[in-house]
Each structure stands twice: as structure tokens, then as C-alpha cells.
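Fold and geometry: a report
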Amino acid sequence: MKAVVIEAFAQPMQIQTVPDPAPRDGGVVIQVKATGLCRSDWHAWMGHDTDIVLPHVPGHELAGVIVALGKGVSRWKLGQRVTAPFVCACGGCPQCASGNQQVCDHQSQPGFTHWGSFAEYVTLNHADVNLVELPESIDDVTAASLGCRFVTSFRAMVDQARVSAGQWVAVHGCGGVGLSAIMIAHAQGAHVIAVDIAPDKLALAKSLGACATVNARETDVVQTIKELSGGGAHASIDALGSPVTCFNSIACLRKRGRHVQVGLMLGDHHHPAIPMDQVIAKELEIFGSHGMQAHRYPAMLGMIHAGTLDPRKLIGKTISLADAPAELADMDSFKGTGVTVIDRFS
């Protein structure tokens, strides 16, 4: 099969022909029909993830068709269209037993713990626990765009931040995660304030439901959010992952507000400063959000089917597998708007 292969961290990637994968017991092989480019993949290429062993194939946001079944798979058939959370759970640990497969003690992650979906085929483990059947109403590109960013934002807004109608929500960073969070919070009936440094991204955020935008290059982010919201946000999400956005997301909250950290804090950013004095004095809540369980997908897919959510609006462009190395390497420049998806593999 053809695949994007990382031979050395932070060095040019190549398209190579590598052996087709075989399924493990309980797992499947998926023919990839579409796969999203995510900033997490950029972190993988940079060497920020200790799970990765070179040579390596990145990619974890995918949609495709089952082409091979491992021994013991009972819920799935060849030819079914599926996707999966980027955290593939084991199904047997205490976290899985409690319904929290997103923090499985023995998780596997395509594109991190094993070769991922920037390829014609990818393996997924523990298929009966992790696969999600795709309805015909959702095309492959849209399904791939859900992969990491949209589902992570859904759980962050709905389950972690507990966003409800009438609340003020601040979203720091208008990349794929942030734009998804804006759409989802708006669908929940919240008043959303979008923060970024790029006018084109802020304009897109406005079109997706933000009632106000803040250009972080032009104003004091925390003070502006407090003024717009009449005292601070009820919930705020750092969708980028930097010391500045993390601090601002916490500092902009009103009393008993909720901060959700979704943007990865890796490399030099893994121990950021936070306003702990405000956390204590205001009784703030701080949450992490790490993907979403397969069993929570129906709630999200139901909202998409009903038209309440339309992730197609988040798709910026589609590219070929051959374009992926250059596009991935350039992700740290934050050019362009929306989600980029690979949908051509020949």
C-alpha cells in the first residue's frame, strides 16, 4: 500500500510503498476512504509523542470500509462503512467498565501507538468496542472530519463544560477544534465568543454561530470577554494549546466557571502557568478532554442527521495523499481556514 512515512522527526516525509497490514485478533483492517489532517499529527511528526517508534505512519481521523476481520470480531461485517474514536479502548479495564473508554488504561491510537491512516489501509484494534457505523447520510469526507477535532469538541462542550442555553462560552483558537466547539456550543443555545489572531478565521467563526469575536492581537482578551459577557464566561475552552491561550481561558471565567483544556500542551508548553489564585477564589473548575467514547457517537450523529450540526461547513479543502507531507509539515503556520481532508489515495 501507499503511505506517508516519517523516517526522522521534523524532517521531510515521503510517500512510500509498504506492506499491507493484517488485522490482530479482535481487530479489523479498514480501507481508508478519507482521513483528516490534525495538529496532533503535526506533534507526532515533530517527535512530541513518546509512543511513536520510527519509521511511522501518522493519521488518526478516518472513515473507510472494513476489508479484513480478525479472529473473534462478532459485531461487524466486511464492507461496512465505519469510523472510530482516535482513542481505541481495550474494553476490559476499569475505565472501560465505567464507560470512560476515552481514558482507557490500555488504549491504542492509530497514528501514535501504531501506524495510522495516512495510508490506503489502517488497522483498528478491539473492533467490537471501538467501531462506529456510518449512516449513508454522512459522506466519507465529512465523517473523517469528525474524527478527532469534532468529537473531542462535542464531548468538551456537552459532557465536560456542560454548556447550556443562555450561557456565555469563550473559545480560544479557531482552528478545527475551536470552530467545531463554536458550532456545538451555538447548537446548545450558548452565546459564543471566538478568539483568534486571524481575521479570516474569526469571520468563519462568526458564520458558524459566534455572536462576538476577539482579535487577540488588537485587544486585551480577558478584559474584552468579561465586558462582552457581563462578568466572564460560564465556560471556556483552550482549543489551541499554548501557555497564553490556556491562561486566558481560565482568567476570563466568571465565578464557578469551567475551563476545558483540549489543545495539546506538549514540548516546551507541557507545564504552563495558570492563575491558581483565581481558581481558588472563584471556585473554578478545570477539565481535560481527551476524545470521545464510541458509545457517545449516536448523540452527535443524531444532531448531524437532524441538521442541528453541520460539520461540512468546517471542511476547508480536500487533498491527495501525495499532498499530505507538505501540508502536514506546514500546519504550524496556521494558514488557511477549516479542516483539511485527504480523500484521494492513488
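Quick look at the structure, then. In this text the structure is predicted, and so the values were computed from the model without any measurement. (Residues numbered from 1 in each chain as written. Predicted model: local features only at pLDDT ≥ 70, side-chain atom pairs only at ≥ 80, totals over all residues. Heavy atoms only, no water.)

With that settled, the discussion passes to the overall build of the chain. What the chain contains, in helices and strands, is 11 helices and 15 strands. At 19 Å, the chain has a C-alpha radius of gyration in line with the 20 Å of a compact globule built from 346 residues. With the C-alpha coordinates aligned to their principal axes, the bounding extent of the chain is approximately 55 × 40 × 35 Å. Going through the 346 residues of the chain one by one, you find that 55% of them count as buried. In the chain, the proportion of contacts linking residues at least 24 apart, taken out of those at least 6 apart, comes to 71%. (Helix = DSSP H or I, 4+ residues; strand = E, 2+ residues; numbered from the N terminus. Rg over C-alpha atoms; globule rule 2.2 N^0.38 Å. Buried < 20%, exposed > 50% of the residue type's maximum accessible area, 1.4 Å probe, protein only. Contact = heavy atoms within 4.5 Å.)

Restricting attention to buried positions, one finds in helix α6 (residues 199–207) the residues Lys201, Leu202, Leu204 and Ala205. The buried residues of α6 occupy an angular sector of 160° when projected down its axis, which confines them to one face. More than 90 degrees from the buried face of α6, the exposed residues found are Pro199 and Ser207. Tucked into the core, α6 has its buried residues touching α5 (176–187), β9 (191–196) and β10 (210–215). Looking one or two residues beyond α6, the residue adopting positive phi is Gly209, at roughly 130°. (Arc of directions from axis to C-beta.)

Glancing now at a nonpolar patch on the surface. Taken together, the side chains of Ile274, Met276, Ile280 and Ile286 define a hydrophobic patch exposed on the protein surface, amounting to about 360 Å² of accessible area. Judged by relative accessible area, which is 40%, Met276 ranks as partly exposed. (Patch = residues over 30% accessible without salt bridge, like charges linked within 9 Å, V, L, I, M, F, W, Y side chains within 5 Å. Areas by Shrake-Rupley, 256 points an atom, 1.4 Å probe, with all protein chains shown as cover. Salt bridge = Lys/Arg side-chain N within 4 Å of Asp/Glu carboxyl O.)

Further remarks concern the pattern of salt bridges. All chains considered together, the criterion is met by nine salt bridges. Here Asp310 ties to Arg312 by a salt bridge, and the two come within 2.9 Å at their closest N and O atoms. For Arg312, a relative accessible area of 54% translates into the label exposed. Among the salt bridges present, the one from Asp343 reaches Arg344, with a minimum N-O distance of 2.9 Å. Residue classification places Asp343 among the partly exposed residues on the basis of a relative accessible area of 27%.

Attention shifts here to the sheet that holds strand β12 (residues 253–261). Here six strands make up an open sheet; going across it, the order is β10-β9-β8-β11-β12-β13 and the pairing parallel. Each having just a single partner strand, β10 and β13 (285–288) make up the two edges of the open sheet. Geometrically, the sheet is characterised by an average inter-axis angle of 20° between neighbouring strands, direction not taken into account. Judged from the four bridges that link them, β12 and β13 form a sheet pairing that is parallel. When the bridges of β13 are listed, His259 appears paired with Ile286. (Pairing = 2+ DSSP bridges. Axes fitted to C-alpha atoms, helices over the stretch in contact; angles between N-to-C directions.)

Time to look at the packing of helix α4 (residues 140–160) against α5. Between α4 and α5, the shortest axis-to-axis distance is 8 Å and the interhelical angle comes to 45°. If you check the angle between α4 and α5, you find them oblique. The two elements α4 and α5 cross, and the hand of that crossing is right-handed. From α4, Arg149, Phe150, Ser153, Phe154, Met157 and Val158 reach across to α5, where they touch Gly176, Val177, Ser180, Ala181, Met183, Ile184 and Ala185. For the contact of α4 with α5, the residue count by class is nine nonpolar, three polar and one charged. (Parallel < 35°, antiparallel > 145°, perpendicular 65-115°, else oblique. Left-handed = near helix turned anticlockwise from the far one by under 90°. Nonpolar A, V, L, I, M, F, W, Y, C, P; charged D, E, K, R; others polar.)

On to the environment of Val158. Within the secondary structure, Val158 sits in helix α4. With 23 residues separating them along the chain, Val158 and Ala181 place their C-alpha atoms 9.6 Å apart. Excluding residues within four positions of it along the chain, Val158 makes contact with Ile184, Gln188 and Arg296.

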